[in-house]
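# Residue-level structure breakdown
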Amino acid sequence: MEQEVIKAATGVATTAANKGIGKLTDLVFSKQIRQQRRLDHLSSVQDQKDAELIQQGLAEFRDGGFILIEEQIGNPASPLGLILAQNNQNQSENLSKCLSKAYEHLSEKNDDEINDEQISETFFNKWMNYGKEVSEEELQDLWGKILSEEITTPNSLNYLVLHSLSLMSKNQLEKFSELLNFVFKSIVVANHKGGLDISIALPQITQNELDELVDFNLINSLSIADSVYYKLDFFTFNSKKYQAIWNNQGNYILGIQNDIQLDIYGFRLTTIGKKLMSLSNQTKSESANAVSFAKYLLTLDSLKDIDHIDLFLNNNQLTFVQSIYK
């Protein structure tokens, strides 16, 4: 596995070197040197123990390998040995791909974005232990982002976040990413009466899948008692009074023309949920997300008297884009 890690590190480092990649390369190679010294010492001790077993008639050296005579335990040619070898190879490839993804994300960052402090070796060890089990490309990209973000800003990710994300499947990650299109101020927007009912806008997410996101500690709760309200902020455009809402991006604003204070109701993302939100990829363009979000908002009980929502581009100054109707 170490060879796969070094191969990935060397291959990318020679094509795209910057401060972040330098930190990761130093981390990987320094770890390899320390581990090699440890292996050299352990190998010397193991040689002595192997020789003692041979002298005692409990083992023999045959066909270039050390074999315990009793049932040839650990025989690499046995069915179990072949399975273990294949599993190790798969883990090496998984880790190599996660590491390559980290290099790709780091190569996109400027040097002034990268903190000089090196990340914790404990964090890196845990990251490798989790990363070697990840075989889907989408999850490998997530783990690459996780390492990239930690290298950029050390101590920004704690071990609880790592553990929680390590348990997620590709399907659960996709469902959460889709759900982010309906998040405003870290609140998953919902109906006042029906709880977190997004079936109109996102029918592919089932109640069971929503419950799983709570179990993963990404959403605080789906209990009505734990729901929250957020008062929308007012702004003026062309002498018209609007209230603003937008989800987890920010270059577009949805404006609801109404003089009466409106509340948005929903359920909070947890700290882990907000961290994953910052790492997740958007499946659609921001403008397309804005339109989808507006259409969803128009289905809510709290906005039943609103017939349209205006979309504005927020680029130093507001620019009207279009009106979205029910």
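### Considering the overall build of the chain
- Along the chain, the regular secondary structure elements total 10 helices and 11 strands.
- Per-residue burial for the chain yields a buried fraction of 43% across its 326 residues.
- Taking contacts inside the chain between residues at least 6 apart in sequence as the whole, the part at least 24 apart equals 71%.
- Surface accessibility of the chain: about 17300 Å² in total, with carbon and sulfur atoms responsible for 48%.

### Some thoughts on the nonpolar core
- Counting residues in hydrophobic clusters, the biggest one holds 44 residues, and the most contacted among them are Trp127, Ile146 and Leu147.
- Mapped onto this core, the elements with two or more residues apiece are α3 (79-107), α4 (121-131), α5 (137-152), α6 (159-166), α7 (170-179), α8 (207-215), β9 (263-268) and α9 (271-279).
- Ranked by size, the runner-up nonpolar core spans 24 residues in total, among them Trp246, Ile256, Leu303 and Ile309.

### As for helix α10 (residues 286-297)
- Under the 1.5 Å per step criterion, the end-to-end length of α10 is 16 Å for 12 residues, consistent within 8% with the ideal 16 Å.
- Looking at α10, one finds that the buried residues are Glu286, Asn289, Ala290, Val291, Phe293, Ala294, Tyr296 and Leu297.
- Turning to α10, the residues buried within the fold contact β3 (183-184), β4 (187-189), β7 (240-245), β8 (252-257), β10 (308-315) and β11 (317-325).

### What about the pattern of salt bridges?
- For the coordinates displayed, the defined rule picks out 4 salt bridges.
- Between Glu149 and Lys109 there is a salt bridge, with the nearest N and O atoms lying 3.3 Å from each other. With Glu149 in helix α5 and Lys109 in the loop between α3 and α4, the pair connects residues that are 40 residues apart, well separated along the chain.
- Since its relative accessible area comes to 15%, Lys109 is described here as buried.

### Side note on the sheet that holds β10
- The antiparallel open sheet is built from 5 strands, whose spatial order is β6-β7-β8-β10-β11. A strand with exactly one partner marks an edge of an open sheet, and here the two such strands are β6 (233-237) and β11. Taking each pair of neighbouring strands and ignoring which way they run, the sheet shows an average axis angle of 40 degrees.
- The pairing of β6 with β7 spans 5 bridges and is antiparallel.

### Some words on the sheet that holds β4
- The strand order β3-β4-β9-β5 describes an open sheet built from 4 strands, whose pairing is antiparallel. At either margin of the open sheet sits one strand with a lone partner, and together these are β3 and β5 (228-231).
- Inspection of the sheet shows β5 paired to β9 by 4 bridges, in the antiparallel sense. Across the sheet, residue Tyr230 finds its bridge partner in β9, namely Ile264.

### Notes on the environment of Asp263
- Structurally, Asp263 can be placed in strand β9.
- What makes Asp263 partly exposed here is its relative accessible area of 26%.
- Between the alpha carbons of Asp263 and Tyr230 there is a distance of 5.4 Å; along the sequence they are 33 residues apart.
- Within the structure, Asp263 has its side chain in polar contact with the side chain of Lys231 (distance 3.5 Å).

### Here we look at the side chain of Glu209
- Looking at where Glu209 falls in the secondary structure, it is placed in helix α8.
- We note that Glu209 is buried and unpaired, the nearest opposite charge coming from Lys175 at a distance of 4.1 Å.
- At a separation of 2.9 Å, a polar atom in the side chain of Glu209 contacts the main-chain amide nitrogen of Thr206.

### What about the confidence of the model for the chain?
- On average, the chain scores 75 in pLDDT, and the residues at 70 or more come to 67%.
- Confidence drops under a pLDDT of 50 for residues 78-84, and excluding neighbours within four residues, the segment shows 4 contacts in the predicted structure.

### Some thoughts on the pairing of β11
- Pairing of β10 with β11, which is carried by 8 bridges, proceeds in the antiparallel orientation. Its bridge partner being in β11, Ile309 is matched across the sheet by Ile324.
- Hairpin connection from β10 to β11: 1 residue lie between these consecutive antiparallel strands, with Asn316 at a positive phi of about 70 degrees.

### Notes on the packing of aromatic side chains
- In this structure the tally under the stated criterion is 13 aromatic pairs.
- Considering the side-chain rings of Phe124 and Trp127, the 5.9 Å spacing of their centres and the 10 degrees angle between planes classify their relative orientation as stacked. Separated by 3 residues within a single helix, Phe124 and Trp127 lie in helix α4, roughly one turn from each other. Taken as a pair, Phe124 and Trp127 share a single burial class, namely buried.
- Between Phe182 and Phe293, the ring centres sit 6.3 Å apart and the planes meet at 70 degrees, which makes this aromatic pair edge-to-face.

### Concerning the environment of Leu142
- By the secondary structure assignment, Leu142 is in helix α5.
- Look at Leu142 and you get buried, because its relative accessible area is 4%.
- Separated by 134 residues in sequence, Leu142 and Leu276 place their C-alpha atoms 9.0 Å apart.
- If sequence neighbours within four positions are ignored, Leu142 has contacts with Leu173, Leu276 and Leu279.

About the criteria used
- Note that residues are indexed from 1 along each chain, following the sequence as it is written.
- For this predicted model, a pLDDT threshold of at least 70 governs which residues receive local features, and a threshold of 80 or more governs which side-chain atom pairs are given and counted, while totals over whole chains, interfaces and linings are taken from all residues.
- Processing note: side-chain calculations cover all non-hydrogen atoms of the structure and skip hydrogens and water entirely.
- Only DSSP runs of H or I covering at least 4 residues are called helices, and only runs of E covering at least 2 are called strands; the numbering of each starts at the N terminus.
- When accessible area is computed with a 1.4 Å probe and restricted to protein chains, residues below 20% of their type maximum are described as buried, those above 50% as exposed, and intermediate ones as partly exposed.
- In what follows, residue pairs with any heavy atoms lying within 4.5 Å of each other are defined as contacts.
- Areas reported here follow the Shrake-Rupley algorithm with a probe of radius 1.4 Å; residue values treat only the protein chains shown as occluding.
- Put simply, buried Ala, Val, Leu, Ile, Met, Phe, Trp, Tyr and Cys residues joined by side-chain atoms within 4.5 Å make one nonpolar core.
- Here, expected helix span is obtained from the residue count minus one, scaled by 1.5 Å.
- Here, a salt bridge means any side-chain nitrogen of Lys or Arg that lies within 4 Å of a carboxyl oxygen of Asp or Glu.
- Any two strands with at least two DSSP-identified bridges between them are counted as paired.
- Axis lines are fitted to C-alpha atoms, over the contacting stretch for helices. Their N-to-C directions set the angle, which ranges from 0 to 180 degrees.
- Pairs of N or O atoms are called polar contacts if they sit within 3.5 Å, as long as, within protein, a hydrogen donor faces a hydrogen acceptor (for residues adjacent in sequence, only side-chain-to-side-chain pairs).
- Residues scored as charged are limited to Lys and Arg (positive) and Asp and Glu (negative), so that His and the chain ends carry no count.
- pLDDT expresses, on a scale from 0 to 100, how confident the predictor is about each individual residue.
- By convention, a stacked pair of Phe, Tyr or Trp rings (six-membered ring in the case of Trp) has centres within 6.5 Å and planes under 30 degrees apart, an edge-to-face pair has planes over 60 apart, and any other such pair is tilted.

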